[in-house]
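Fold and contact review
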Amino acid sequence: MGDINTQMNNIMEDMPLTKWLEAELKNPDGKRLIIRKTTVAYAAAELLQKAITIAPLSANKISLDNFVVRTKKWHHRPSSAADILGVDMISEKLSLTIIDPSDLGRSSSRDAEEDAGRNLVVSISSCLPRSSDSGFEQIKESTICHLFGILLYQIYSNLDPFLENKLEGNEPTLLDQGGVKTEKGGLRLTYSTLRELGSPPNICMLVQNFAEGNLPSPRNTYFSLKEGSDDLHLLLRQPNKLLFTSNAPEDGHLRLRLQKNKLYGRDHEVSLISDAFSTVCVGESVALFVGGFSGSGKTSLVESVMASVNASGGYVLAQKFDQLSRGGPLLELISAFDRLCVLIQSRTSPQDLQIIVDRLTETFGVDLSLLRRLLPKVDVLVPPSTKFGQQIPGQDGTRMNLQSVCFILQHFIRAVSSKSHPVMIFLDDLQWSNSMTLKVIQHILGASNCLFVGSYRSNEVSPNHAVFRLMKELEASKQCSVQKLILDGVKCEDLNTLVSDALCLFPRVTRGLSSIIHEKTEGNPFFFLEFLRSLVDRGLLQYSMGLERWEWDEDLIRLEKITNNVLFLLANKMSRMRMEVQMALKVLSSFGNEVNEKIITYLNTTSQFVDILSGVEEAISDGFVSRVGEPLCYVFVHDKVREAAYSLIPDDAKDDFHCMLGEALRSISKGDGLDDNTVITIADQINHNLDALRQSGSSMRLEVASLNHMAALAAMSRSDNDTASAYLSVSLQLLPDDHWQSSYRLSLKLYIATAKVACSSGYMDKSDAALKVIFKEATSLEDKLEAYYLYVNLLHSQERGEEAHMTCQDVLAQLGEKIPEYVTPEESKKMIQETIMIISGLSEEKLLNLKEADEN
């Protein structure tokens, strides 16, 4: 036992605090020195709090001479904060031991010790019983704080504030020894002297706030040791934020230090979503609906759990619906599922990927080509060269209705999801969706291992909106667990943490400012943040270069009148930016919440928008827009930012502005092989001003009609018949009165497409009417054949088999084929045998590769 004590004494050393400070002067190692001194200061504050409960404190007990530091002795490396084992208080015989739980898993490397943060636990033991001596009265808490401020000043400066000659030419006597009165000039010198000696601004402020404890009406003064001790502990826990972060302007711009990936005040809600995902991981499906006002943080809440879903092996499918998008919610949803194919291929091991491929081929078999028609990117999972990956002749003409889409996507999700790789589907802004889209989701949730999260603006949906019908139907069917969550305003204390983080100041200091903004914004996170930014823009929240920290006047901010519409703040800020940036914001907002980079690149080559790329880059730099995804897209950081940018365009000029964008894109992209999404984007812009298009020249009208036909075909390929029908309606409106004579081929294509879409949507009368127009106007039997094929199928779907048979006979007769009225069994058998002989020599692969009959 004696040997152990001897060894302990060899590595431990008790040093009076004054001697320890002198020794520390020999190790001026910057950040580590600050951390070590703050550790001792925190220990002293804890000891003084304990001492007050034992016996009344006198001024001489709050001094350097009353404390001893216990440290480890090292001869071959510099000291660190972890070497401080504890601090003792001599007069009260108190001993504080420091316990640092973070040391348990910390690397032995000390190079980044100051970055790690230390959440210290202290244990205080006393050798004296609680005193009942009331020989003298306890000094006031404000005086105790003032005297502790003197102690802190001595610790951080290594100077004695009572000796003029130690101040090296500065003003004499910063703090009086009685702790009763101090001139403000001296207090300012306390701050500036500490700053000149290298103490961080928050330490300078902390010391000054303690020292000001005995002044009348002080600001941010400590009224208890507990408050100050908590702040000292916070310095140790968050050194990067409160000690070693420079708030100085970057590139001449003042910026708040906002934590991009930090969610404030939503721990309970995050836990609910995480629990829902855990349920999915055991083989169940869950539907979670998140409602709340715009800016309440619905999107940020859901996005905060996506990283853990990815880390758990899950796949996240996310799609944001948009009020301005005319491509149709169903088309957007199917496009999202198409992207999921690429995500699965990129994030899955070869072994697991083979399991998914096997499931797909087993589930769809020869019908895999139907899945390919709906999701072209499934090729990355099941290449067309595989047996079931090949296109079956004639199958691409098979009509696909909503029921088919539901069936295919449900079985697709069932094949690609599992307990180890569940799928999370996040649909944002469901208020812009429709019943067809949500019907698909309802069917998909019949598949296992799927978490559906849908967000909507609760103040922008009526009680009969499709999203509420979906909730009721899911609850009634019991096919999955249904959970509902409404986001209200965030509590003031949580938003104060946001302000503290943004300004790199103690939460105690920012609490008043946060309370004012919280009251004005009702705790709406986005509105709160934008109002905070607006204070910077208007100079009500300013960065002091002298004090190296943010400053503000709460009385002035309290007098600020605020609109309850955050658009005013954003639009006002945007309207003061350069015209090139304003134009970029107008253009981007006209395409909705996001736009493909290719579109902006096209526009940049036109004379009207030649500077748009530089404007976009500045909008990104100012935090309005971000560049994300593959392919690259420009995305507004929030719906309200997009709405504010869109409001820069006068309401009576919006349609013309859209049409100008569409026409510029149409002109510059002529001759390029445009993909479906680009075609739809251009058509959506031009279609904003149909009245102007109808008044334009015939050549322009025909080009736009052809463009809308292409957009309709793109929508039809994804089975979004409602959207396709809208594009076809525009095309037909733009045709001239004599279009069957002047634009025969385009007219024929449009009426064929109209008949197909109407039939697939169940509008048989509309389909019948379009086909009969073709029968009347088409100039040759060859041009009518596809229409006859559709007509016969339509008759069969209406159980009008005899009419269908007679129509077939009539068409064949026109083609010169005579069909006997009666075929004997022997003749039928002979025809079957001849057909078998023809194909018997062909392999399965050759049969699948047979070309379709040429149109001629």
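These numbers were taken from a predicted model, which means no experiment stands behind them. (Residues numbered from 1 in each chain as written. Predicted model: local features only at pLDDT ≥ 70, side-chain atom pairs only at ≥ 80, totals over all residues. Heavy atoms only, no water.)

What follows is about the overall build of the chain. Across its full length, the chain carries 38 helices and 15 strands. For the chain, with 856 residues in total, the buried portion stands at 49%. Surface exposure of the chain reaches about 41,000 Å², of which carbon and sulfur atoms provide 52%. (Helix = DSSP H or I, 4+ residues; strand = E, 2+ residues; numbered from the N terminus. Buried < 20%, exposed > 50% of the residue type's maximum accessible area, 1.4 Å probe, protein only. Areas by Shrake-Rupley, 256 points an atom, 1.4 Å probe, with all protein chains shown as cover.)

Let's shift gears to helix 16 (residues 435-444). Side chains that are three or four residues apart share a direction in an α-helix, a result of its 3.6 residues per turn. With seven of ten residues buried, helix 16 lies mostly within the body of the structure. All of the buried residues along helix 16 are Met-436, Thr-437, Leu-438, Val-440, Ile-441, Gln-442 and Ile-444. Where helix 16 is buried, its residues meet helix 12 (329-347), helix 15 (402-416), strand 8 (423-428), strand 9 (450-457), helix 17 (466-477) and helix 31 (721-734). (Contact = heavy atoms within 4.5 Å.)

If you roll a probe as big as a water molecule over the atoms, it shows you where there is empty space left. Applying the stated criterion across every chain yields a total of one cavity of 30 Å³ or more. The computed volume of the largest cavity comes to approximately 90 Å³. Together, Lys-320, Phe-321, Asp-322, Gln-323, Asp-429, Trp-432, Arg-457, Gly-592, Asn-593, Asp-639, Arg-642 and Glu-643 line the largest cavity. It is helix 26 (residues 639-646) that provides the largest number of residues to the lining of the largest cavity, a total of three residues. Here the residues of the lining of the largest cavity sort into two nonpolar, three polar and seven charged. (1 Å grid on protein atoms, 1.4 Å probe; cavity = no way out; pocket = protein on both sides within 12 Å on 5 of 7 lines; lining within 4 Å. Points joined across faces, edges and corners; volume = space filled by probe spheres on them. Nonpolar A, V, L, I, M, F, W, Y, C, P; charged D, E, K, R; others polar.)

Our focus in this paragraph is helix 25 (residues 612-621). Here helix 25 has its buried residues at Ile-612, Gly-615, Val-616 and Ala-619. Relative to the axis of helix 25, the buried residues are bounded by an arc of 100 degrees and lie together on one face. Phi for Gly-623, located one or two positions after helix 25, is positive at around 85 degrees. (Arc of directions from axis to C-beta.)

Mapped onto the secondary structure, Gln-442 falls in helix 16. Relative accessible area serves as the criterion here: at 14%, Gln-442 is assigned to the buried category. In sequence terms Gln-442 and Glu-473 are 31 residues apart; their C-alpha atoms lie 8.3 Å from each other. With residues near it in sequence (within four places) discarded, Gln-442 still touches Leu-470, Glu-473, Leu-474 and Gln-479. At 3.5 Å, the side chain of Gln-442 and the side chain of Glu-473 are in polar contact. (Polar contact = N/O pair within 3.5 Å; in protein donor to acceptor, adjacent residues only side chain to side chain.)

Quick look at the packing of helix 24 (residues 597-604) against helix 25 now. Running from amino to carboxyl end, helix 24 crosses helix 25 at an angle of 135 degrees, the nearest separation of the two axes being 8 Å. On the basis of their axis angle, the class for helix 24 and helix 25 is oblique. Residues Ile-600, Leu-603 and Asn-604 of helix 24 lie in contact with helix 25, whose contacting residues are Ile-612, Leu-613 and Val-616. (Axes fitted to C-alpha atoms, helices over the stretch in contact; angles between N-to-C directions. Parallel < 35°, antiparallel > 145°, perpendicular 65-115°, else oblique.)

The subject of this paragraph is the pattern of salt bridges. Tallied over the full model, the rule gives 38 salt bridges. We note a salt bridge from Arg-578 to Glu-580, for which the minimum N-O separation is 2.8 Å. Looking at Arg-578, the relative accessible area reads 39%, which means it is partly exposed. Across the pair Asp-691 and Arg-694 runs a salt bridge whose closest N-O atoms are separated by 2.8 Å. Within this pair, Asp-691 and its partner Arg-694 are both found in helix 29 (residues 690-694), separated by three residues, close to a single helical turn. (Salt bridge = Lys/Arg side-chain N within 4 Å of Asp/Glu carboxyl O.)

So, about the pairing of strand 6 (residues 286-292). Along any regular strand, the residues point their side chains to alternate faces of the sheet. With respect to burial, strand 6 is a largely interior element, seven of its seven residues being buried. Here strand 6 shows a buried face lined by Val-286, Leu-288, Val-290 and Gly-292 and a second buried face lined by Ala-287, Phe-289 and Gly-291. Examined bridge by bridge, strand 6 and strand 9 share seven bridges and lie parallel to one another. By the bridge assignment for strand 9, Leu-288 is matched with Val-453. Alignment of strand 6 against strand 10 (residues 481-487), held across seven bridges, turns out to be parallel. By the bridge assignment, Leu-288 is partnered in strand 10 with Gln-483. (Pairing = 2+ DSSP bridges.)

Quick look at the sheet that holds strand 3 (residues 84-89) now. Taken in spatial order, the five strands of this open sheet run 1-2-3-4-5, and their pairing is antiparallel. What marks the edges here is a single partner per strand, and that holds for strand 1 (12-16) and strand 5 (121-126). Taken over all neighbouring pairs, the strand axes of this sheet differ in orientation by 20 degrees on average, direction set aside. Where strand 1 meets strand 2 (residues 67-72), five bridges bridge the pair, whose relative direction is antiparallel. The residue of strand 2 that forms the bridge with Met-12 is Lys-72. Contacts from helix 2 (residues 17-24) reach strand 1, strand 2 and strand 3, with the element oriented near 105 degrees to strand 1.

The antiparallel open sheet is built from three strands, whose spatial order is 13-15-14. Where the open sheet ends on each side, the last strands, each with one partner, are strand 13 (594-596) and strand 14 (625-628). Within this sheet the neighbouring strands show an average axis-to-axis angle of 25 degrees, counted without direction. On top of the sheet, helix 24 reaches strand 13, strand 14 and strand 15 (633-636); it is set at about 70 degrees to strand 13, its chief contact.

Backbone geometry places Cys-504, a non-glycine residue, at a positive phi of 55 degrees. In this fold, Cys-504 is placed in the loop between helix 18 (492-503) and helix 19 (507-521). Residue class for Cys-504 comes out buried when judged on its relative accessible area of 4%. Phi is positive for Ser-719, close to 65 degrees, though the residue is something other than glycine.

Attention shifts here to the packing of aromatic side chains. Ring pairs (aromatic) are described by centroid distance and by the angle formed between their planes. Applying the stated criterion to the full structure yields nine aromatic pairs. With centroids separated by 5.0 Å and ring planes inclined at 80 degrees, the aromatic side chains of Phe-148 and Phe-210 adopt a geometry described as edge-to-face. Of this pair, Phe-148 sits in helix 5 (residues 141-157) while Phe-210 sits in helix 7 (residues 201-211), and the two are 62 residues apart along the sequence. Judged by its relative accessible area of 0%, Phe-210 is buried. Ring centres of Phe-210 and Tyr-222 lie 4.2 Å apart, and the angle between their planes is 25 degrees; on these two criteria the pair is classed as stacked. (Phe/Tyr/Trp six-rings, centres within 6.5 Å; stacked < 30°, edge-to-face > 60°.)

The grouping of Ile-838, Ile-839 and Leu-842 at the surface amounts to a nonpolar patch, some 270 Å² of accessible area in total. Relative to the assigned elements, Leu-842 resides in the loop between helix 37 (825-839) and helix 38 (844-849). (Patch = residues over 30% accessible without salt bridge, like charges linked within 9 Å, V, L, I, M, F, W, Y side chains within 5 Å.)

Within the secondary structure, His-146 is located in helix 5. Sequence separation between His-146 and Gln-208 is 62 residues; the distance between their C-alpha atoms is 9.0 Å.

Another point: the nonpolar core. In this structure, Leu-17, Phe-148, Leu-513, Leu-541, Leu-585 and Leu-603 are the most contacted members of the largest nonpolar core, which totals 149 residues. It is helix 3 (residues 31-52) that provides the largest number of residues to this core, a total of eleven residues. Residues in contact with Leu-513, not counting those within four places in the same chain, are Val-499, Leu-503, Leu-532, Leu-535, Leu-541, Trp-552, Glu-554 and Ile-557. Ala-415, Leu-430, Cys-450 and Leu-470 belong to the second largest nonpolar core, which has 55 residues in total. (Core = buried A, V, L, I, M, F, W, Y, C linked by side-chain atoms within 4.5 Å.)

Here we take up the side chain of Lys-784. Structurally, the position occupied by Lys-784 is in helix 35 (residues 781-797). Buried within the structure, Lys-784 lacks any salt-bridge partner; Asp-810 is the closest side chain of opposite charge, at an N-O distance of 8.7 Å. Excluding residues that lie within four positions of it along the chain, Lys-784 makes contacts with Ile-774, Phe-775 and Ala-778. (Lys, Arg positive; Asp, Glu negative; His and termini not counted.)

Let us now look at the confidence of the model for the chain. With 85% of its residues at a pLDDT of at least 70, the chain reaches an overall mean of 85. Note on residues 104-109: pLDDT under 50 across the span, and five contacts to partners over four residues away in sequence or across chains. Ignoring residues within four places in sequence, the model shows residues 163-187, a span with pLDDT below 50, making 49 contacts including any to other chains. (pLDDT = per-residue confidence, 0-100.)

Moving on to the environment of Lys-320. By secondary structure assignment, the location of Lys-320 is in strand 7 (residues 315-320). Overall, Lys-320 belongs to the partly exposed group, its relative accessible area being 23%. Lys-320 sits 21 residues away from Thr-299 along the chain, and the two C-alpha atoms are 9.5 Å apart. The residues contacting Lys-320, other than those within four sequence positions of it, are Thr-299, Glu-332, Asp-428, Asp-429, Asn-593 and Asp-639.

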